[in-house]
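So you can see what is in the structure, the chains are spelled out below.
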Amino acid sequence: MTTQITAPETPSAPAFGAKASGLFGIPAPVGRALAAGGGVLTVAATFLAWTWTAEFPGDLTVYGYPGGLQVLVLIGGVLTTLFALASHGVRGVRRIAPAGADAAVKLAALGTFATAWYTVLAISVELGGLVNLEPGGWIVAVTSLAALVGALALPFERPEPDPVDPDSTAWEKTAHRLAHGWQTVKAAFASGSPRPLRELPSWAEILVVVAILALGLTVFTYGIGTSYDELFIGFLLLAGFGFAALNKAGLVAHATQITGRHQNVTLCGAFVAAALFPFTQTDDQYATLGVYILIFATVALGLNIVVGLAGLLDLGYVAFLGVGAYAASLVSGSPSSPFGVHFPFWAAVLIGAVASLVFGVLIGAPTLRLRGDYLAIVTLGFGEIFRITANNLDGTSGPDLTNGSNGISSIPNLDILGFDFGAPHSVGGFTIGRFANYFFLMLVVTAVVVLVFRRSGNSRIGRAWVAIREDETAALAMGINGFRVKLIAFAVGACLAGLAGTVQAHVTYTVTPEQYLFAGAIPPNSAFLLAAVVLGGMGTIAGPLIGAALLFLIPNKLQFLGDYQLFAFGVALILLMRFRPEGLIPNRRRRLEFHDAADAPAALGRTGA
Amino acid sequence: MTALLEVEDLRVAYGKIEAVKGISFTVEAGQVVTLIGTNGAGKTTTLRTLSGLLKPVGGQIKFNGRSIKRMPAHQIVSLGLAHSPEGRHIFPRMTIEDNLRLGAFLRKDKDGVEKDIRRAYDLFPILGERRKQAAGTLSGGEQQMLAMGRALMSQPKLLMLDEPSMGLSPIMMQKIMSTIAELKAQGTTILLVEQNAQAALSLADQGHVMEIGRIVLSGTGQGLLHDESVRKAYLGED
């Protein structure tokens, strides 16, 4: 979803050795005009009908207003037009691209093109032939292509041509040319560093933060609410390219700077935005997804303390979620619990968190003396031991505690201070259903985890974690008690997962061992949790949250992938690790780790020794 | 008066291979003592054992009158024995200031820490200029300065420096050595491990020459500097 990944898909491979400075031999002003005009016409085309039958989902048959995928193309068209105008240097518009608009217009046009052509092709394939396209469909295909051609014709600094060694074999020559072509494509999408941000009055900056959060909520709500596969794919295409375009335009850097200046406001605002999510929904259908995402994301954030801050690779983390969930379910008054007690929720939370903490210490104490790979293997083993033990504590293979593979079922809904979580409530005209109730509760848990993460990350213990991760020898020489510090990380992480588990038990009604696998199609499981952390960005707060949301939504929305889900997931992970190893939201330190040469050339250049 | 550090018949082994085969020496408060010798003589192993990163198989280590032979590394640091390890081992992705702060990890006196950070910047102005920069972006010599500054942050009674001049240009090496001389003048007790025997011996009050795990020759720094066999073996004279 980043530029680097998408760049090789560029339909127009550059002509090698071409003299023109764009990818096509069109003069730059013409290219700009073509991009802007194509953008405008694409926008206009979304108001036309693209197909004749409502059999293709999303109501693309109507003249006069866009629907479904057309809305996405419309947004893409607007972005393309704006960036093309900015690239032309139109006053006022130029401001939206502080790092130069050329790369941004290319990506925006690419995104628009991809979404439009995907729609047109999907119509043709699903309905059986190009004949199903109305003129609008043809028009948008042409205009989006025109915009793309125009955008790609914009000039860029070509990398120095690197002559081929005449003695090399044909294969080496081909490889060489491919490598050079790849450099050229990369250069075509490169952009400069953004102009420094002007200092705005702080109320204006806070407004910007609010706008960013509103945009985030809108995008997320749209994504979660996409009701059919095609729309979700279109959404992913446009969101990916759109984000890349904004990034290349320098807007993301500015946004990061502003939110960085107002961290507390941003954090509070993010929670308000998340809390508004159920109010954007008409029924409980997507709140279900919301609460599951939140559980997954919260546990991922807990794992981020262990993996991202302390650098301990834990492959059995989901077991702690399980311990919390089992602990809460056993005292929930469920008929399958052998205890038959019904504790109030606060007590259940306490028991769940403490139980997980104890398990964390028990598992951590013997294993944390191991380093690296060994720790990963042992934690993987403990994760499986938890699941199998829970499976066997059924009264036949062992003492009756967990009801075996049937699990603890019929867990009653929570009732806190008379507020029944199982029943819908009406708040200011909005109906808040069962899952939305739990969504709010889970949001509180998330807030707790975020708070713990932030406070510990910036504290003495947080510095010790990072020191241990970066260089254990040096950390020990500083007087850091490596074992104790690691054990604290492990225990805190376990405790937070247990906390989330106590809520999860009530959300899912049933707690079974099969919910806590190492790897499975449905998150959360240990592999997906780790993937969410790595994909989102280790050591950050937003990273695992976004990573978890994506990892949950993509398999959930793309049902047609079926058995290939895990395969597609694997491919995506490999691509991401190849092209953006620091994750979607990189930590400042991590970025240094992976891009030493690129980010700090000036400082590295002056070697005094 | 008992010495600050007393090492008696210290033996350290990696598995079955004994790297240090029973060495004894002392460091008095205020002294600079150096261990010199070729690669593989056991100098670094000795320092790593003294700071608790390795466990000895035999012998005694007394620091400030207490046996630290079986103590974990972090407790040894808290007693006032700081170790600037070989290869510098700074935290490359942390800022210079965070590196220094980690050196003071065990200290509770915030004001004192701030004061010592400023002192480190006075000692090494280049660090002060780049306090917010990632330490990995420093040059080798600057990283060595940071490693020394960081070790000093724990207010050690004894500072152990392992090969501070390793891999540095001659100019930078001179600078590091003159810093050590400055620290000595301020009264810091230093145990210095060096391959650059000339520089180390001319600074040291006491010197010990190590060869494959044993101390083969001891004496005052000046004495060793003028010793025939030392000049032949380590100072490149024939």
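Residues numbered from 1 in each chain as written. Chains lettered and ligands numbered in written order. Predicted model: local features only at pLDDT ≥ 70, side-chain atom pairs only at ≥ 80, totals over all residues.

Quick look at the overall build of chain A
Here's step 1: Regarding its fold elements, chain A presents 24 helices and 4 strands.
Here's step 2: Computed over the C-alpha atoms, the radius of gyration of chain A is 26 Å, within 12% of the 25 Å expected from 2.2 N^0.38 for a compact globule of 609 residues.
Here's step 3: For chain A, the spread of C-alpha atoms along the three principal axes comes to 80 × 70 × 55 Å.
Here's step 4: Here the contacts in chain A between residues at least 6 apart in sequence split such that 78% fall between residues at least 24 apart. (Helix = DSSP H or I, 4+ residues; strand = E, 2+ residues; numbered from the N terminus. Rg over C-alpha atoms; globule rule 2.2 N^0.38 Å. Contact = placed C-beta atoms within 7 Å.)

Digging into the overall build of chain B
Here's step 1: Tallying secondary structure elements over chain B gives 10 helices and 10 strands in all.
Here's step 2: In terms of overall dimensions, chain B is globule-like: its C-alpha atoms have a radius of gyration of 17 Å, near the 18 Å expected for 238 residues.
Here's step 3: Expressed along its principal axes, the backbone C-alpha trace of chain B runs to roughly 45 × 40 × 35 Å.
Here's step 4: Split into buried and exposed, the 238 residues of chain B put 48% on the buried side.
Here's step 5: Excluding contacts between residues fewer than 6 apart, the proportion of contacts in chain B whose partners are at least 24 apart in sequence is 64%. (Buried ≥ 20, exposed ≤ 12 C-beta atoms within 10 Å, placed from the backbone.)

Section: the interface of chain B and chain A
Here's step 1: Between chain B and chain A, the residue contacts involve 32 residues of the former and 25 residues of the latter.
Here's step 2: Contributions of two or more residues to the side of chain B that touches chain A are made by α2 (73-79), α3 (96-103) and α6 (140-152) of chain B.
Here's step 3: Class assignment for the residues of the side of chain B that touches chain A results in 13 nonpolar, 15 polar and 4 charged. (Nonpolar A, V, L, I, M, F, W, Y, C, P; charged D, E, K, R; others polar.)

Considerations on the packing of helix α11 (residues 285-309) of chain A against helix α20 (residues 542-557) of chain A
Residues and elements named next belong to chain A.
Here's step 1: It is at 8 Å that the axes of α11 and α20 come closest, and there the two elements cross at 135 degrees. Taken together, the axes of α11 and α20 are oblique relative to one another. Relative to α20, α11 is oriented so that their crossing is right-handed. Contacts between α11 and α20 involve Leu-289, Tyr-292, Ile-293, Phe-296, Ala-297, Ala-300, Leu-301 and Asn-304 from the first element and Pro-544, Leu-545, Gly-547, Ala-548, Ala-549, Phe-552 and Asn-556 from the second.
Here's step 2: Counted by class, the contact of α11 with α20 contains 12 nonpolar, 3 polar and no charged residues. (Axes fitted to C-alpha atoms, helices over the stretch in contact; angles between N-to-C directions. Parallel < 35°, antiparallel > 145°, perpendicular 65-115°, else oblique. Left-handed = near helix turned anticlockwise from the far one by under 90°.)

Some words on the sheet that holds strand β7 (residues 158-162) of chain B
Residues and elements named next belong to chain B.
Here's step 1: The 6 strands are arranged β6-β7-β8-β3-β9-β10 in an open sheet whose pairing can be described as mixed. Two strands close off the open sheet at either side, each with one partner strand: β6 (81-84) and β10 (214-220). Here the average twist between neighbouring strands, direction ignored, is 15 degrees.
Here's step 2: Sheet topology note: the β7/strand β8 (residues 189-194) ladder contains 5 bridges and is parallel. If you follow Asp-162 over to β8, its bridge partner there is Val-193.
Here's step 3: In the packing of helix α1 (residues 43-50) onto the sheet, contacts are made with β3 (32-37), β6, β7, β8 and β9 (206-211), and the angle to β7 comes to roughly 145 degrees. (Pairing = 2+ DSSP bridges.)

What to know about unusual backbone geometry
All names here are of chain B.
Here's step 1: For Arg-88, which is not glycine, the phi dihedral falls at a positive 70 degrees.
Here's step 2: Backbone geometry places Glu-163, a non-glycine residue, at a positive phi of 50 degrees.
Here's step 3: Relative to the elements of secondary structure, Glu-163 occurs in the loop between β7 and α7 (170-185).

Some points on the packing of helix α2 (residues 28-45) of chain A against helix α5 (residues 135-152) of chain A
Residue and element names in this part refer to chain A.
Here's step 1: Close contact between α2 and α5 brings their axes to 7 Å; oriented N to C, the two are set at 155 degrees. Relative to α5, the element α2 lies roughly antiparallel. Crossing of α2 against α5: the hand is left-handed. Across from Gly-31, Arg-32, Leu-34, Ala-35, Gly-38, Gly-39, Leu-41, Thr-42 and Ala-45 in α2, the residues of α5 making contact are Gly-136, Ile-139, Val-140, Thr-143, Ser-144, Ala-146, Ala-147, Val-149, Gly-150 and Ala-151.
Here's step 2: A breakdown of the residues in the contact of α2 with α5 according to their chemical character gives 10 nonpolar, 8 polar and 1 charged.

Side note on helix α16 (residues 460-470) of chain A
Here's step 1: With 9 of 11 residues buried, α16(A) is to be regarded as a mostly interior element.
Here's step 2: Those residues of α16(A) that fall on the buried side of the exposure criterion are A:Gly462, A:Arg463, A:Ala464, A:Trp465, A:Val466, A:Ala467, A:Ile468, A:Arg469 and A:Glu470.

Overview of the sheet that holds strand β4 (residues 58-63) of chain B
Here's step 1: Overall, antiparallel pairing links the 4 strands, which are arranged β2-β1-β4-β5 (chain B) in an open sheet. Because the sheet does not close on itself, it has two edges, and the strands there are β2 (17-27) and β5 (66-67) of chain B.

Things to note about the confidence of the model for chain A
Predicted coordinates in areas of low pLDDT are best not read in detail.
All names here are of chain A.
Here's step 1: In the predicted model, chain A carries a mean pLDDT of 82, and 93% of its residues have values of at least 70.
Here's step 2: No element of chain A has a lower mean pLDDT than helix α24 (residues 601-605), at 31, and none a higher one than helix α12 (residues 318-330), at 93.
Here's step 3: Confidence drops under pLDDT 50 across residues 1-20; counting only partners more than four residues distant or on other chains, this segment forms 33 contacts.
Here's step 4: Low pLDDT, under 50, characterises residues 596-609; the stretch is placed with 24 contacts to residues that sit more than four places away or in other chains. (pLDDT = per-residue confidence, 0-100.)

Regarding the nonpolar core
All names here are of chain A.
Here's step 1: Core analysis: the largest hydrophobic core is formed by 182 residues, its most contacted members being Val-291, Ile-295, Ala-300, Ala-489, Leu-529 and Ala-548.
Here's step 2: If you tally residues by element for this core, the top one is α11, at 18 residues.
Here's step 3: Those residues within four positions of Leu-529 in sequence are excluded, and the remaining contacts are Val-299, Ala-300, Leu-303, Tyr-317, Val-318 and Pro-524.
Here's step 4: Counting 61 residues, the second largest nonpolar core, distinct from the first, contains Leu-110, Phe-113, Ala-116 and Leu-148. (Core = buried A, V, L, I, M, F, W, Y, C linked by C-beta atoms within 7 Å.)

With respect to α2(A)
Residues and elements named next belong to chain A.
Here's step 1: In this model α2 runs 25 Å from its N-terminal to its C-terminal C-alpha over 18 residues, within 8% of the 26 Å that 1.5 Å per residue would give.
Here's step 2: Those residues of α2 that fall on the buried side of the exposure criterion are Gly-31, Arg-32, Leu-34, Ala-35, Ala-36, Gly-38, Gly-39, Thr-42, Val-43 and Ala-45.
Here's step 3: The inward-facing, buried residues of α2 abut α3 (69-88), α4 (102-127) and α5. (Expected span 1.5 Å × (residues − 1).)

Focus: the pairing of β4(B)
Residues and elements named next belong to chain B.
Here's step 1: In this sheet, β4 lies alongside strand β1 (residues 5-14) in antiparallel orientation, the contact comprising 5 bridges. By the bridge assignment for β4, Val-7 is matched with Ile-61.
Here's step 2: The sheet contact formed by β4 and β5 spans 2 bridges and is antiparallel. Its bridge partner being in β5, Phe-63 is matched across the sheet by Arg-66.

With respect to the environment of B:Met145
Residues and elements named next belong to chain B.
Here's step 1: Along the polypeptide, Met-145 turns up in helix α6.
Here's step 2: On the basis of neighbour counts, which here come to 27 C-beta atoms within 10 Å, the residue Met-145 falls in the buried class.
Here's step 3: Here the alpha-carbon distance between Met-145 and Leu-127, two residues 18 residues apart in the chain, equals 8.0 Å.
Here's step 4: Beyond its immediate stretch of four places on either side in the chain, Met-145 contacts Phe-124, Ile-126 and Leu-127.

As for the pairing of β3(B)
Residues and elements named next belong to chain B.
Here's step 1: The element β3 is largely enclosed, with a buried count of 6 among its 6 residues.
Here's step 2: The alternating pattern of β3 places Val-32, Thr-34 and Ile-36 on one face and Val-33, Leu-35 and Gly-37 on the opposite face, and all of these are buried.
Here's step 3: The pairing of β3 with β8 spans 5 bridges and is classified as parallel. Looking across to β8, one finds that Leu-35 is bridged to Val-193.

Things to note about the environment of B:Asp205
Residues and elements named next belong to chain B.
Here's step 1: Examined against the element boundaries, Asp-205 turns out to sit in the loop between α8 (197-203) and β9.
Here's step 2: Separated by 172 residues in the primary sequence, Asp-205 and Val-33 have C-alpha atoms spaced 5.9 Å apart.
Here's step 3: Those residues within four positions of Asp-205 in sequence are excluded, and the remaining contacts are Gln-31, Val-32, Val-33, Thr-220 and Gly-221.

Topic: the environment of A:Gly322
Here's step 1: Along the chain, A:Gly322 turns up in helix α12.
Here's step 2: Along the primary structure A:Gly322 and A:Phe156 are separated by 166 residues, whereas in three dimensions their C-alpha atoms are 54 Å apart.

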